[in-house]
Every structure is written in structure tokens, then in C-alpha cells.
Amino acid sequence: MVVIVCVVMVCMVCRTWHTSSPLPESYFSNKFSDVTSSVSDRFTWLVLVLLCKIDSNADLYTDVAQSYIFLLNNLNYVVSKVRNSGLRNIIGDDWIDKHEQKLKQYIKNYERIAWSRVTSSLQMNGKQTESNISVRDCFRQFNLEFNEAYRKQSVYVVSDARMREVIRMSLEEKILPVYRSLYVKYRGEFKGVDSVVKYAPVDLENCLKDLFQGDGGQGESNTHY
């Protein structure tokens, strides 16, 4: 909670104070000893301290995927506050662009940690696709991996609606086209065998849309200050 309160206080002050000259990029290289007494330098230094605080608290999570959700929530909050307040004039658009790219990298890292076993379970080589046994195993492995990933990830919260949608759409692009292709091609061969083809594509789409709202049956996860 400390990080959010501090950022809000800084932003409230900055709404009444502006500068047309963003600090030089060299300032953002952790040279804290060069901090001067100017208001702009002090505000910029505070934001840097808050980001360091976020990074250090992310290390407290034993679940790596959850730590990336934590980083996404908090960094996105700070970037939004900077973008929509007088801090934008102090720190500059380059800083915002740099940290928006960092948010994109966090999303990629989260997907790799949390969902790579799901996407990998859909990969079959040419010989495997000719065997009904291998196709059956593929569906069963996918069911197992998706169920496990969904069980874990559905309890986490992404507080920003736009960010939730970005992550969901990215997951849909990685999972649904491949699964839909397999489903259309092989569903008829296992008709009536629910343990083999558990999900229709629309079922997966609905599951993914339910993610990151913290309603997975275990309450909201603490992924925000």
C-alpha cells in the first residue's frame, strides 16, 4: 500500500507544478548521489525509489507467475499515474515509452511461465497427427495442462481492465487457433468420449475471458500493494 499512496501524493502535488524540460536520460542510471535539491529531481528520485520497492517486493513471491502479475499491476499503476499527471512533464515521454515496453516484457514472461506447458501440449509432428492414439494423448495432455494452469491463474487479479484484455487476447492468439484446428479435424473421431475432447473452442474462450478477476474459488490473490 505504501507505493500507491506515495505515488498518489506525488501526482497530486505535480498537478499544480509543471516543467517543460524532462531530465536527461543519464539521470536514470541509478546515480542517486547526483540528486540535487530541485523539485523535479526529488520527484524523479522518488519514482525511482518506488520502482525499486516494487521490484524487491516481487521477489517475495514463491510463485514466479504470480510475481509477474504483481509487477504488472504495480508498474502499470505507476506508469498510468505518471502519464496522466504533471509527472509526465517532469520525467518525460521517453520514460513512459521505456516502461510500457517493460510491461510488454512482463506479459511475455508471465505467459511463458504460466502457460507454456499448455501451448506445448498442442504441438504434434507429422507422424503423430497420423495416429489416433497420439491425437488422443494430445487432447488428454492438453486437458491436464489447461486445467492445472486455469486452476492456478484464475485466482489472480489484474486490476486494470485494459491490461486484462491485452493479456487475455494474447493468450487466445496462442491457444485457440491451434486447438480449434485440432478440434475441427479430429473431434468426429472421438465423438462421445468426453474424457478425450473435454473442451469446445468456445469453452476455452469463455474460460480465458474469466481470468484475472480473482473469482476462481479461492478469493483474490494479493498481487497489488
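Quantities reported herein were computed from a predicted structural model and do not represent experimental measurements. (Residues numbered from 1 in each chain as written. Predicted model: local features only at pLDDT ≥ 70, side-chain atom pairs only at ≥ 80, totals over all residues. Heavy atoms only, no water.)

1. Observations regarding the overall build of the chain
As a reminder of what qualifies: Think of it this way: any DSSP run of H or I at least four residues long counts as a helix, any run of E at least two long counts as a strand, and we number them from the N terminus. A 1.4 Å probe rolled over the protein chains alone gives each residue an accessible area, and that area as a share of the maximum for its type sets the label: buried under 20%, exposed over 50%, partly exposed in between. By the convention used here, residues are in contact when the closest approach between their heavy atoms is within 4.5 Å. Computed with a 1.4 Å probe, the accessible areas rest on the Shrake-Rupley method; for each residue, only the protein chains presented here act as cover.
Helix and strand counts for the chain come out as nine helices and zero strands. Listing each helix as α and each strand as β along the chain from the N terminus yields α-α-α-α-α-α-α-α-α. Relative to its full complement of 225 residues, the chain shows a buried share of 44%. Long-range pairs, those at least 24 residues apart, make up 77% of the contacts in the chain with a sequence separation of at least 6. If you sum the accessible surface of the chain, you get close to 12,100 Å²; carbon and sulfur atoms cover 52% of it.

2. Observations regarding the environment of proline 201
Tracing the chain through its elements places proline 201 in helix α9 (residues 201-209). Given a relative accessible area of 10%, proline 201 falls into the buried group. Residues contacting proline 201, with those up to four places away along its chain left out, are Leu176, Tyr179, Arg180 and Tyr183.

3. Section: the nonpolar core
In plain terms, the rule: The term nonpolar core refers to a set of buried residues drawn from Ala, Val, Leu, Ile, Met, Phe, Trp, Tyr and Cys, joined through side-chain atoms within 4.5 Å.
One finds Trp95, Tyr110, Trp115, Phe142, Phe146 and Ile167 to be the most contacted residues of the largest nonpolar core, which totals 55 residues. Mapped onto this core, the elements with two or more residues apiece are α2 (39-58), α3 (64-83), α4 (87-91), α5 (93-120), α7 (132-153), α8 (161-186) and α9. With 10 residues, α3 is the single largest residue contributor to this core.

4. Some words on α9
The periodicity of an α-helix, 3.6 residues per turn, causes residues three or four places apart in sequence to face the same way. We count it as follows: What the arc describes is the spread of directions from the helix axis to the C-beta atoms.
By the burial criterion, the buried members of α9 are Pro201, Leu204, Cys207 and Leu208. Around the axis of α9, the buried residues are gathered within 120° of arc, so they sit on the same side.

5. Some remarks on the pattern of salt bridges
To be explicit about the condition: When a carboxyl oxygen of Asp or Glu lies within 4 Å of a side-chain nitrogen of Lys or Arg, that pair is called a salt bridge.
Scanning the entire structure with this criterion turns up eight salt bridges. Salt-bridge contacts for glutamate 148 lead to arginine 151; the nearest nitrogen and oxygen are separated by 2.8 Å. In this pair, glutamate 148 and arginine 151 both sit in helix α7, three residues apart, roughly one turn of the helix. Judged by its relative accessible area of 33%, glutamate 148 falls in the partly exposed class. For glutamate 205, the salt bridge identified is with lysine 209, shortest N-O distance 3.6 Å.

6. Regarding the packing of aromatic side chains
Put simply, the rule reads: When the centres of two rings from Phe, Tyr and Trp lie within 6.5 Å, Trp using its six-membered ring, the rings pair. Their planes under 30 degrees apart give stacked, over 60 give edge-to-face, and anything left gives tilted.
Summed over all chains, the structure comprises 10 aromatic pairs. When the centroid spacing of 5.2 Å and the interplanar angle of 70° are considered together, the rings of phenylalanine 146 and tyrosine 199 count as edge-to-face. Remark: tyrosine 199 occurs in the loop between α8 and α9 and phenylalanine 146 occurs in helix α7; sequence separation between them is 53 residues. A relative accessible area of 0% places phenylalanine 146 in the buried class. Overall, the relative accessible area of 10% leaves tyrosine 199 in the buried class.

7. Quick look at the confidence of the model for the chain
To be explicit about the condition: Confidence scores per residue from the predictor, reported as pLDDT, run from 0 to 100.
Across the chain, the average pLDDT comes to 79, with 72% of residues at 70 or higher. At the low end of the mean pLDDT range in the chain sits helix α1 (residues 2-14), at 44; at the high end sits α5, at 96. In the model, residues 125-129 has pLDDT below 50 throughout and makes six contacts with residues more than four positions away in sequence or in other chains.

8. As for the side chain of serine 85
As a reminder, the rule being used: Think of a polar contact as two N or O atoms within 3.5 Å of one another; within protein, one of them needs to be a possible hydrogen donor and the other a possible acceptor, and neighboring residues in sequence only count if both atoms come from side chains.
Within the fold, serine 85 resides in the loop between α3 and α4. One polar contact links the side chain of serine 85 to the main-chain carbonyl oxygen of lysine 81, over a distance of 2.7 Å.

9. Remarks on the packing of α3 against α5
In plain terms, the rule: Angular values range over 0 to 180 degrees, each being the angle between N-to-C directions of two axes fitted as lines to C-alpha atoms, with helices fitted over their stretch in contact. Working definition: roughly parallel below 35 degrees, roughly antiparallel above 145 degrees, roughly perpendicular at 65 to 115 degrees, and oblique for all remaining angles. By definition, turning the near helix anticlockwise from the far helix through less than a right angle yields a left-handed crossing, and turning it clockwise yields a right-handed one. Residues are grouped as follows: nonpolar covers Ala, Val, Leu, Ile, Met, Phe, Trp, Tyr, Cys and Pro; charged covers Asp, Glu, Lys and Arg; every other residue, Gly included, is treated as polar.
Put simply, α3 and α5 touch, their axes get as near as 9 Å, and they point 160° apart. Relative to α5, the element α3 lies roughly antiparallel. The way α3 lies across α5 gives a crossing that is left-handed. Counting all contacts with α3, which are made through Val64, Ala65, Tyr68, Ile69, Leu71, Leu72, Leu75, Asn76, Val78, Val79, Val82 and Arg83, the residues of α5 involved are Trp95, Ile96, His99, Glu100, Lys102, Leu103, Tyr106, Ile107, Asn109, Tyr110, Ile113 and Ala114. Looking at the contact of α3 with α5, its residues break down into 18 nonpolar, three polar and three charged.

10. A word on the environment of serine 67
For serine 67, the location among the structural elements is in helix α3. Placed 43 residues apart in sequence, serine 67 and tyrosine 110 show a C-alpha to C-alpha distance of 8.6 Å. Discounting chain neighbours no more than four positions away, the residues touching serine 67 are Ala58 and Tyr61.

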